[in-house]
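Report on the structure
Chain by chain, the residues run as shown.
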Amino acid sequence: MDKEKKTIKRREFFKGSIAATAALTIFGASTFVLDRKAAEAMPREDFLRPPGAIDEENFLYGCIKCGLCVQICPVQAISLAGAGEGLGFGTPYIEPRLQPCDFSCDALQCVEVCPTAVLDFKPFKKVGANAVEKAAAQPGVDLSQVNPFEVQKVAMKEAVQMGKAHVNKNTCLAHQEEGFRGTPRGSDFKGVHRSPGKNEISASPLRDRTFDREICDLCITECPIGEKAIVQKLSRSGKLVPHVMDGCTGCGVCQMVCPTQQPSIIVEPF
Ligand code: SF4
Ligand code: SF4
Ligand code: SF4
């Protein structure tokens with residue numbers, strides 16, 4: 001796909017460009033203003049900011065382009081934007097069709113490591129603490145069976161709001177009552193994927209996985225959030241189709257695994 005080739009090239013060129021980022025930081029405020037104008041003038045397409053990003057305007061001012069979020073991500077989901085990408089040169093973004101955040105770090109490490117809090121950990125910390133308190137307060141709960149770290153991790157992950165997935169009924173295989181058999185993105189695809197239910201060090205190349213589904217449901221079964229985010233539902237015309245729920249985090253795993261040539265499920269950033 002042309003767009004993919006273009007974006008992969010762009011990604012390779014700018015990925016890990018910490019030196020360029022540092023230089024840019026030194027050039028300072030005037031560059032920020034120029035970047036911001038460029039960012040406002042260009043479409044964001046389906047690019048996502050990493051989890052916990054504050055509002056876009058303040059994000060563009062506050063991100064110091066240090067690249068720590070890029071470095072810590074175990075699946076290398078985060079890249080730094082190049083000139084003319086419409087996102088502010090040097091600021092981090094995720095291109096989910098190539099490599100989504102599949103929560104492989106298990107603890108929102110990009111958010112925790114951000115020195116300026118433009119990826120803001122405070123709300124997640126609160127959500128995690130509340131979830132642990134609630135779990136411990138359940139009547140008759142055996143506290144020795146409650147793993148606070150697990151409870152906290154799940155709650156924090158579910159609190160992510162990068163965007164929301166939307167299904168294109170015209171191309172979605174399930175909407176055409178078609179199945180899928182094979183490797184969803186082909187043997188050359190470089191993206192990795194942590195299967196739901198597997199531990200945090202289990203992400204493996206998607207090209208090594210094969211699926212055999214009578215009716216396609218990859219976006220549903222591979223979603224790291226599960227039924228709070230996406231379910232299979234009977235449509236009015238009696239077809240079993242994906243239905244995105246309010247708990248969708250916008251992580252974009254569904255967008256990566258969707259086997260149609262252009263993804264039939266796309267995350268729209270918030
Ligand atoms: S860690 Fe924070 S300040 Fe550094 S590049 Fe990422 S978002 Fe920007
Ligand atoms: S993975 Fe794609 S084609 Fe398959 S059901 Fe989901 S949106 Fe439709
Ligand atoms: S439906 Fe699931 S996989 Fe798709 S963006 Fe939402 S949370 Fe992520």
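Every chain is numbered independently, its residues counted from 1 as its sequence is written. To label them, take the chains in the order written and letter them from A, then take the ligands in the order written and number them from 1. Totals for whole chains, interfaces and linings use every residue, but because this is a predicted model, local features are given only for residues with pLDDT of at least 70 and side-chain atom pairs only at 80 or more, for both listing and counting. Based on all heavy atoms of the structure, the side-chain values leave hydrogens and waters out of the count.

Section: the overall build of the protein chain
We count a stretch as a helix when DSSP gives it H or I for four or more residues in a row; a strand needs E for two or more, and each element gets its number in order from the N terminus. Looking only at helices and strands, the protein chain features 10 helices and 10 strands. The cut-offs for exposure are 20% and 50% of the maximum accessible area for each residue type, with area from a 1.4 Å probe on protein chains only; residues under the lower value are buried, those over the upper are exposed, and the others partly exposed. Looking at the protein chain residue by residue over its 270 residues, the buried ones come to 46%. The protein chains shown are the only cover counted for residues, whose accessible areas, like all others here, come from Shrake-Rupley with a 1.4 Å probe. Roughly 14,000 Å² of accessible area belongs to the protein chain as shown, and the carbon and sulfur atoms make up 55% of that amount.

A short note on helix α8 (residues 148–158)
The set of residues buried in α8 consists of K153, A155, M156 and K157. The definition of a polar contact used here is a pair of N or O atoms within 3.5 Å, where within protein one atom must be able to donate a hydrogen and the other to accept one, and adjacent residues in sequence count solely through side-chain atom pairs. Two or three places before F149, at the start of α8, stands the capping residue N147, its side-chain oxygen 3.0 Å from that residue's backbone nitrogen.

Some words on the site of ligand 1
In these notes, residues near a molecule or strand are those with any non-hydrogen atom within 4 Å of it. The full set close to ligand 1 counts 13 residues, and C63, C66, G67, C69 and C114 are the nearest of them. Looking at the shell around ligand 1, its residues break down into 10 nonpolar, two polar and one charged. In this count, Pro and Cys sit with the nonpolar residues alongside Ala, Val, Leu, Ile, Met, Phe, Trp and Tyr, while Asp, Glu, Lys and Arg are called charged and the others, Gly among them, polar.

Examining the site of ligand 2
Around ligand 2 sit C172, L173, A174, C216, C219, P242, C258, P259, T260, S264 and I265, and those are all the residues in its vicinity. Across the shell around ligand 2, the residue classes tally to nine nonpolar, two polar and no charged.

Description of the environment of V146
With respect to the helices, strands and loops of the structure, V146 is situated in the loop between α7 (122–137) and α8. Expressed as a C-alpha distance, the spacing of V146 and A135, which sit 11 residues apart in the sequence, is 7.4 Å. Contact definition: two residues touch when any of their heavy atoms are within 4.5 Å. Filtering out sequence-adjacent residues up to four positions away, V146 remains in contact with A135, V141 and V151.

What to know about the packing of aromatic side chains
In this scheme Phe, Tyr and Trp rings, the latter by its six-membered ring, pair at centre separations within 6.5 Å, and the angle between planes marks the pair as stacked below 30 degrees, edge-to-face above 60, and tilted otherwise. Scanning the model with the defined rule gives zero aromatic pairs in all. Only lysine NZ and arginine CZ atoms are considered, and such an atom sits over a ring when it is within 6 Å of the ring centre and within 35 degrees of the ring normal. The cationic tip of R185 hangs over the ring face of F189; the distance from NZ or CZ to the ring centre is 4.1 Å.

Quick notes on the pairing of strand β9 (residues 240–244)
Pairing analysis gives five bridges linking strand β8 (residues 230–234) to β9, with the strands arranged antiparallel. The residue of β9 that forms the bridge with I230 is V244. Two strands qualify as a pair provided DSSP detects at least 2 bridges between them.

Some words on the confidence of the model for the protein chain
Mean pLDDT over the protein chain stands at 84; residues scoring 70 or higher make up 83%. When the criterion is pLDDT under 50, residues 1–43 qualifies, and its contacts beyond four places in sequence or with other chains add up to 61 contacts. Confidence of the predictor in every single residue is expressed as pLDDT, which spans 0 to 100.

As for the pattern of salt bridges
Salt bridge, as applied in this entry: a Lys or Arg side-chain nitrogen positioned within 4 Å of an Asp or Glu carboxyl oxygen. This model, assessed by the stated rule, comprises 10 salt bridges. For D120, the salt bridge goes to K122, with nearest N and O atoms at 3.7 Å. The buried category is assigned to D120, whose relative accessible area is 17%. The salt bridge involving K153 is made with E150; its shortest N-O contact spans 2.8 Å. Of this pair, K153 and E150 are both found in helix α8, three residues apart, which corresponds to roughly one turn of the helix. When its relative accessible area of 9% is taken as the criterion, K153 is described as buried.

Focus: unusual backbone geometry
Backbone geometry places K65, a non-glycine residue, at a positive phi of 60 degrees. Mapped onto the elements of the fold, K65 is located in the loop between α4 (56–62) and α5 (68–72). The phi angle at Q76 is positive, at roughly 50 degrees, despite the residue not being glycine. By the element assignment, Q76 lies in the loop between α5 and β1 (78–80).

Brief notes about the packing of α7 against α8
How two helices pack is summed up by the angle between their axes together with the distance between the axes. Orientation of α7 relative to α8, taken along the N-to-C sense of each, is 130 degrees, at an axis distance of 8 Å. With respect to each other, α7 and α8 are oriented oblique. Considering the relative orientation of α7 and α8, their crossing is right-handed. Contacts between α7 and α8 involve F124, V127, G128, A131, V132 and A135 from the first element and P148, V151, Q152, A155 and M156 from the second. Class assignment of the residues belonging to the contact of α7 with α8 gives a composition of nine nonpolar, two polar and no charged. Axes here refer to lines fitted to C-alpha atoms; in helices the fit is confined to the stretch in contact. Angles between the N-to-C directions go from 0 to 180 degrees. In this scheme, roughly parallel covers angles under 35 degrees and roughly antiparallel covers those over 145, while 65 to 115 is roughly perpendicular and the rest are oblique. What makes a crossing left-handed is the near helix being turned counterclockwise from the far one by less than a right angle; a clockwise turn instead makes it right-handed.

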